[in-house]
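One letter stands for each residue in the lines below.
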Amino acid sequence: QVQLVESGGGLVQPGGSLRLSCAASGSIFSINAMGWYRRPPGKQRELVATITSGGSTNYADSVKGRFTISRDNAKNTVYLQMNSLKPEDTAVYYCNADLRSGSYWKNYWGQGTQVTVSS
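Heads up: these notes are all about the structure in this document. Since the model is a prediction, treat every value here as computed from it, not as a measurement. (Residues numbered from 1 in each chain as written. Predicted model: local features only at pLDDT ≥ 70, side-chain atom pairs only at ≥ 80, totals over all residues. Heavy atoms only, no water.)

Take the nonpolar core next. Of all hydrophobic cores here, the largest spans 31 residues; its most connected members are Trp36, Leu80, Met82 and Tyr93. Of all the secondary-structure elements, those providing two or more residues to this core are β3 (18-25), β4 (30-39), β5 (46-51), β7 (67-72), β8 (77-82), β9 (91-101) and β11 (113-117). Take this core: its biggest share by element is 5 residues, from β9. When sequence neighbours within four positions are dropped, the list of residues in contact with Leu80 reads Leu18, Arg19, Leu20, Trp36, Val48, Ala49, Phe67, Thr68, Ile69 and Tyr93. (Core = buried A, V, L, I, M, F, W, Y, C linked by side-chain atoms within 4.5 Å. Buried < 20%, exposed > 50% of the residue type's maximum accessible area, 1.4 Å probe, protein only. Helix = DSSP H or I, 4+ residues; strand = E, 2+ residues; numbered from the N terminus. Contact = heavy atoms within 4.5 Å.)

Here it is, written out as structure tokens:
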């Protein structure tokens, strides 16, 4: 059974930083793209950032220059370093991964971690 488990969320003041982690566990043969998405209060889920197995990255315009996505392929883990946080970054953050478990590639989601930016 494959699981994606996020950690690192919490309450932070505007201008502060947080680092999210997401570890994939279970019977995993290979992981392709990994990413972070978020669901702000009352809104739909949106892309934050993605990273390929080779390290190519893509960011939403709203987080460019403030957030950095990275991954450790040996640990099947993806990270999101969030700096200069703003109240509008408040959301539930979800980890996502395309991975092969057994014979098939599937897309998996984590359970989400709350990030609240408030003074």
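Having seen the structure, we can now continue with the description.
Next up on the list: the state of the cysteines. Here a disulfide denotes a covalent bond joining the sulfur atom of one cysteine to the sulfur atom of another. Overall, the coordinates contain 1 disulfide when judged by the stated rule. At a sulfur-sulfur separation of 2.1 Å, the disulfide partner of Cys22 is Cys95. Here the S-S torsion is close to -80 degrees, and the disulfide linking Cys22 with Cys95 is therefore left-handed. Taken as a pair, Cys22 in strand β3 and Cys95 in strand β9 lie far apart in primary sequence, 73 residues in all. With relative accessibility at 0%, the residue Cys22 sits in the buried group. Of the residues examined, Cys95 reaches a relative accessible area of 0% and is grouped as buried. (Disulfide = S-S within 2.5 Å.)

Relative to β5, β4 runs antiparallel, the two sharing 5 bridges. Following the sheet pairing, Gly35 is matched in β5 by Thr50. Connecting β4 to the antiparallel partner β5 that follows it, the hairpin turn spans 6 residues, and Gly42 within it adopts a positive phi of roughly 75 degrees. Where β5 meets strand β6 (residues 57-59), 3 bridges bridge the pair, whose relative direction is antiparallel. (Pairing = 2+ DSSP bridges.)

Remember, this is a structural readout, not a statement about activity or role.
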